[in-house]
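An overview of the molecular structure
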Amino acid sequence: MFDLYAPINRYMVYPLYYWKNGDKRLYYWRNLEKQQYWELSKLEEHQLARLQKIVKYAYEHTIYYRRVMSERGLTPDSIKNLKDIEKLPVLTKKIIQDHGDELLSDEYKKSDLIQDASGGSTGKPTVFYKDLDRHNIRRADQIRHDRWSGWDLGKRSALIWGAQRDLKSIQSTKEHVISRYIARHWELDAFEMTNEKMASFVQELEAIRPTMILGYANALYTFAIYVLNNFPNHKIKLQGIISSAETLSQEKRQVIERAFSCKVLNRYGSREVGLIASECKDQSGLHINADNLLVEVTAGEVSLPVGERGDIVVTDFLNMGMPFIRYRLEDVGFMSKDKCDCGRSLPLLGAVEGRTGDFFISESGTMIHGEYFTHLFYGIEKINQFQLIQHDLQTVELKIVSTDSSLLSLEPIVAKIKSMLGSNISVDIVFQKEIPTPKSGKFLFTMSKVKPTYR
């Protein structure tokens, strides 16, 4: 059925709304559409110019970078080519946690920046900031890469997602209107994957007829199995699906593609720097968002050759409010030497290893995404580290590193854990001096040892 509102939205409602609000995302997006087909030499010249600009800006406007560069005898003029980025230190989550204010630009008030938070190997949420302009460019990045799935501006899309910060539009009438009638996004909450919820997902998706679904890899996989078992003749017709936030195995990709008869495109990103790399429909690797980011694979501070596995390190060219230069994401991957047949010059990230998010299983058999519990701890200053482990259907262990040993302050969190997993479950709280990082180097905020039973 023809969607009459789609062209009206794309050419009138969407651009007029953001123009009226001084939002330049469409301007940035149009440039990105051209830049993805640049000659590689032109792209690298563009990267060098932006790298030199952000390094110069960080040196002149942040305490942290001025100090660490001076300690190494560096000035902005030390960066003469892309390889020279190795002269700069790697930025870690712990550095941000310990020196966050020193990373902020002196040209911005903290109150004018957009605050966000992410997890990491320390087990402590990392608070960071981005300026409004960078926030809008992230939206432009997403438009470009979302279009590779077959979706386009004006068309409907659905999110099977779980971040309460991302789905908060349901709490605000204004934001709900923007999301639903301007961006045309429908949010389906992936935190709680009950059979009843997934049945309602099928009904809603059949009714709204989205072109594309974006979701957590594990949530998409769980939903796909449910659909194959219970709605094999569903009427959900998609141009493509984008999987993000977790590792997409080949097995999971195949199951999702079989359930919805369309390609599943893998995506890699982080809250700190936004969209990093995405597959196109040729699926030759993940095209790096190279006009706005510089991605390295490193061993320590040394960049590794193409094909070698190492730590993924990213430089954000555009966040002036809080520059991220050589930021270690705590994921492992490798750069690909392949070239994609799609014609885009954007280099390829071959694979990203890690990023799995376990589902917890409630007493009733309901699957609850581990990310739900992670968000319970954000913003609690007295908790330095935490980890929640589900050992069996009767017991979860909550490890806490805190400056406050009072159990009273944890009662609301325990209550919410029980409300999701069952009132009879035992929440064993263990206060520790620290929670060691595993040998893999990948700290999991939440971990379930109970295997889900797919129905």
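The structure this text deals with has already been given above.
Residues numbered from 1 in each chain as written. Predicted model: local features only at pLDDT ≥ 70, side-chain atom pairs only at ≥ 80, totals over all residues. Heavy atoms only, no water.

1. A short note on the overall build of the protein chain
The number of helices and strands found in the protein chain is 12 helices and 21 strands. Rg of the C-alpha trace for the protein chain: 22 Å, near the compact-globule value of 23 Å for 455 residues, within the 12% margin. Restricting to contacts in the protein chain with at least 6 residues of sequence separation, those with at least 24 account for 68%. For the protein chain, the computed accessible surface area is about 20,700 Å², with 51% contributed by carbon and sulfur atoms. Each charge class in the protein chain can be summarised by its mean position, and for the 62 positive and 58 negative side chains these summaries are 3 Å apart. (Helix = DSSP H or I, 4+ residues; strand = E, 2+ residues; numbered from the N terminus. Rg over C-alpha atoms; globule rule 2.2 N^0.38 Å. Contact = heavy atoms within 4.5 Å. Areas by Shrake-Rupley, 256 points an atom, 1.4 Å probe, with all protein chains shown as cover. Lys, Arg positive; Asp, Glu negative; His and termini not counted. Charge placed at Lys NZ, Arg CZ, Asp CG, Glu CD.)

2. With respect to the sheet that holds strand S3 (residues 157-161)
Spatially, S4-S3-S6-S7-S8-S9-S10-S15-S14-S13-S11-S12 is the arrangement adopted by the 12 strands of the open sheet, whose pairing is mixed. Of all strands in the sheet, those bounded by a partner on one side alone are strand S4 (185-189) and strand S12 (302-303). Bridge count for strand S14 (residues 327-335) against strand S15 (residues 348-353) is 4 bridges, and the pairing is antiparallel. Across the sheet, residue Met335 finds its bridge partner in S15, namely Leu349. Packed on one face of the sheet, helix H10 (residues 250-260) meets strand S7 (240-244) and strand S8 (264-270) and runs near 125 degrees to S8. (Pairing = 2+ DSSP bridges. Axes fitted to C-alpha atoms, helices over the stretch in contact; angles between N-to-C directions.)

3. Observations concerning the nonpolar core
Membership of the largest hydrophobic core comes to 108 residues, with the highest contact counts inside it found for Phe223 and Phe260. For this core, the element with the highest residue contribution is helix H9 (residues 217-230), accounting for 9 residues. Discounting residues that sit within four places of it in the chain, Phe223 has contacts with Ile160, Met193, Met198, Phe201, Val202, Leu205 and Phe260. Core analysis: the next-biggest nonpolar cluster, separate from the first, contains 22 residues, Phe373, Ile400, Leu410 and Val414 among them. (Core = buried A, V, L, I, M, F, W, Y, C linked by side-chain atoms within 4.5 Å. Buried < 20%, exposed > 50% of the residue type's maximum accessible area, 1.4 Å probe, protein only.)

4. Structural notes on the pairing of strand S9 (residues 274-278)
Where burial is concerned, most of S9 is hidden: 5 out of the 5 residues are buried. Pairing geometry for S8 and S9, over 4 bridges, is antiparallel. Bridging from a neighbouring strand, Ser270 pairs with Gly274 of S9. Between S8 and S9, which pair antiparallel in sequence order, lie 3 residues. Bridging between S9 and strand S10 (residues 286-288) involves 2 bridges; their strand directions are antiparallel. Paired with Ser278 across the two strands is His287, which belongs to S10.

5. Details of the packing of aromatic side chains
Remark: the centre distance and the inter-plane angle together describe each pair of aromatic rings, the angle taken between the planes. Taken as a whole, this structure holds 14 aromatic pairs when the rule is applied. Ring centres of Phe324 and Tyr327 lie 5.0 Å apart, and the angle between their planes is 90 degrees; on these two criteria the pair is classed as edge-to-face. Side by side, Phe324 and Tyr327 carry an identical accessibility label, which is buried. Between Phe386 and Phe445 the ring centres are 4.5 Å apart and the planes differ by 65 degrees, which places this aromatic pair in the edge-to-face class. (Phe/Tyr/Trp six-rings, centres within 6.5 Å; stacked < 30°, edge-to-face > 60°.)

6. Things to note about the sheet that holds strand S19 (residues 395-402)
Pairing is mixed across the open sheet formed by 4 strands, whose spatial order is S20-S19-S18-S21. Here the strands that pair on one side only, and so sit at the sheet edges, are strand S20 (426-431) and strand S21 (446-448). Strand-to-strand twist in this sheet, taken as the mean axis angle between neighbours without regard to direction, amounts to 15 degrees. Summarising the sheet, strand S18 (residues 383-392) and S19 pair through 8 bridges and their orientation is antiparallel. By the bridge assignment for S19, Ile389 is matched with Glu397. Of the strands in this sheet, S18, S19 and S20 touch helix H12 (residues 411-421), which is tilted by about 145 degrees from S20.

7. Concerning the packing of H9 against H10
One can describe the packing of H9 onto H10 by two numbers: an axis separation of 9 Å at closest approach and a directional angle of 45 degrees. One way to sum up the angle between H9 and H10 is to call them oblique. Once H9 is placed against H10, the crossing between them reads as left-handed. Taking contact as the criterion, the partners of Ala217, Asn218, Leu220, Tyr221, Phe223, Ala224, Ile225, Val227 and Leu228 in H9 are, on H10, Glu251, Lys252, Val255, Ile256, Arg258, Ala259 and Phe260. In the contact of H9 with H10, the residues fall into 12 nonpolar, 1 polar and 3 charged. (Parallel < 35°, antiparallel > 145°, perpendicular 65-115°, else oblique. Left-handed = near helix turned anticlockwise from the far one by under 90°. Nonpolar A, V, L, I, M, F, W, Y, C, P; charged D, E, K, R; others polar.)

8. Section: unusual backbone geometry
One non-glycine residue, Arg184, adopts positive backbone phi at about 60 degrees. Turning to its location among the elements, Arg184 is positioned in the loop between helix H7 (173-182) and S4. Judged by its relative accessible area of 4%, Arg184 is buried. One non-glycine residue, Arg209, adopts positive backbone phi at about 55 degrees. Structurally, Arg209 can be placed in the loop between helix H8 (195-208) and strand S6 (212-216).

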